[in-house]
Structure formats: structure tokens, C-alpha cells
Amino acid sequence: MSRFLSSFVRHPIATGAIAPSSRHLAREMVGWINWNEVTTCVEFGPGTGAFTPSILKSMNEDTHFFAVELNSQFAATMKSKFPNVDILCRSVADIDAICDERGVSTIDCIVCGLPWAAFSSELQQTLINAILSRISKGGYFCTFAYLQGTLMPAGVRFRRLLHKSFTSVQRSSTVWRNLPPAFVYQCRVLD
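Residues numbered from 1 in each chain as written. Predicted model: local features only at pLDDT ≥ 70, side-chain atom pairs only at ≥ 80, totals over all residues. Heavy atoms only, no water.

## Topic: the packing of helix α6 (residues 95-102) against helix α7 (residues 121-134)
- Where α6 meets α7, the axes come as close as 9 Å, and the angle between the chain directions of the two elements is 30°. Put simply, α6 runs roughly parallel to α7. Taken together, the residues of α7 that come into contact with α6 (itself represented by I95, D96, C99 and D100) are A130, S133 and R134.
- The residue makeup of the contact of α6 with α7, split by class, is three nonpolar, one polar and three charged. (Axes fitted to C-alpha atoms, helices over the stretch in contact; angles between N-to-C directions. Helix = DSSP H or I, 4+ residues; strand = E, 2+ residues; numbered from the N terminus. Parallel < 35°, antiparallel > 145°, perpendicular 65-115°, else oblique. Contact = heavy atoms within 4.5 Å. Nonpolar A, V, L, I, M, F, W, Y, C, P; charged D, E, K, R; others polar.)

## Let's talk about the pattern of salt bridges
- Taken as a whole and judged by the stated rule, the model has six salt bridges.
- E37 is paired through a salt bridge with R188; the nearest N and O atoms lie 3.6 Å apart. With E37 in the loop between α3 (23-31) and β1 (40-44) and R188 in strand β7 (residues 182-188), this residue pair connects regions lying 151 residues apart in the sequence.
- What makes R188 buried here is its relative accessible area of 19%.
- With its nearest N and O atoms 3.7 Å apart, the salt bridge here joins R102 to E101. (Salt bridge = Lys/Arg side-chain N within 4 Å of Asp/Glu carboxyl O. Buried < 20%, exposed > 50% of the residue type's maximum accessible area, 1.4 Å probe, protein only.)

## Examining the packing of aromatic side chains
- If you walk through the whole model with that rule in mind, you get nine aromatic pairs.
- On the numbers, 5.7 Å between centres and 85° between planes, the contact of F51 with F144 is edge-to-face. Of this pair, F51 sits in the loop between β1 and α4 (52-58) while F144 is found in strand β5 (residues 135-146), placing the two residues 93 residues apart along the sequence. Of the two residues, F51 and F144, neither departs from the other in class, the shared state being buried.
- On the basis of an interplanar angle of 75° and a centroid distance of 5.4 Å, the ring pair of F144 and Y146 is categorised as edge-to-face.
- An aromatic cluster is present here, built from W116, F119, F141, F158, F166, F183 and Y185 joined pairwise through their rings. (Phe/Tyr/Trp six-rings, centres within 6.5 Å; stacked < 30°, edge-to-face > 60°.)

## Digging into the sheet that holds strand β3 (residues 86-88)
- Strand order across the open sheet formed by seven strands is β3-β2-β1-β4-β5-β7-β6, with mixed pairing between neighbours. At either end of the open sheet lies a strand with only one pairing partner, and these are β3 and β6 (168-171). For this sheet, the mean inter-axis angle between neighbouring strands, taken without regard to orientation, is 15°.
- Relative to β3, strand β2 (residues 64-68) runs parallel, the two being bridged by three bridges. (Pairing = 2+ DSSP bridges.)

## Some details on α6
- I95, I98 and C99 are the residues of α6 that are buried. Seen from one end, α6 has its buried residues packed into an arc of 95°, which puts them on one side.
- Looking at the buried side of α6, the elements it contacts are β1, β2, β3, β4 (107-112) and α7.
- Downstream of α6 by one or two residues, G103 has phi in the positive range, about 70°. (Arc of directions from axis to C-beta.)

Don't take any of this as a statement about function, it's just geometry.
This is the structure:
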């Protein structure tokens, strides 16, 4: 928690939160996914790994899984906590090159912890384009938003971008047992 808060104070846009997500939010993130359809899963912006245990527990044994984390301190923490997980200290914008390097043509599931409401419209669009370039037909994309952020201009802009980019966008119920309360955007590429 102190490492997370310290990172937020130094780099609020890159970190985006004052505390790691709760296990309750982690369950909401992965619980809606049909893991039998997932052969490749990528975690974007895992931070210190709040969602990673739920992903590892949910996915099939033969699912190809790796994580992309831009913050070098968080990437180092992830590598020590999850030594058997492929953790890359890179930008999500590089997902095409990352997939090419790993021989991955498409991604079936992206679990995303990026701080979308802290991003400019240009960065939001760049990252969504990167996601759409590799997500498979029928693929799952989930990310979360803090309840209070939905009224901010960047939060409203991001919601519109999701609806423009994915064929199905659902919103989970609010996870009150998270600091601050949050919900999950559950998105699919169905056509």
C-alpha cells in the first residue's frame, strides 16, 4: 500500500490510484469471462498484481498469459511476486510488437488496470486502437472505473470511446468494497 501511494504521489497520471484494487473488484473483473474460450490472456497495467491471482486462478492450465506494466517499480514487484509469469516493462501501445515477439496473432482476453480517466483523449484512442488491433473476434476486454470518475470529462469521453469501439459494452454493479468504489466495463468484440 505504501509503495502504491508513494508512486501515486510522484506520478499520479501513470499510477492513477491511491491504493491497489480490492479482491472484490478482482473477482468482478474476471468473473464474467468464459475462460474456456480464452487461449491467450494479457493483463495491461497490473500495478502490484491485485488482479493477477484471480486471473491465474480462473484461466485454464494451457492459457498463454503475460502482463504489460510501464512502471518499472511495479514491474519489479510483479516479477518478485509472480516469478512464473512473463512480465514486460513496456507500454501497452507496443502490444503489436510484443505479440509478434511472442508469436501471438490474437488475444482472447485483456484484463486492464490502466487509469483511463487520467489519460488525454489522444492517449485513450491510441491505446484502444492498439487493443483493437490484436483482440480476437469474440474477445473479452475488461477495465474498471471509479464511481466518481464517471462524471469527469475524461471518464465520459472514455465511456463513449468504449461504446464506439466494441460491439458489446456492459457495466457491472458497483463494487462498494473497493477504495474508492468502482465498477467494471465488460466489453466484447462480437463482429
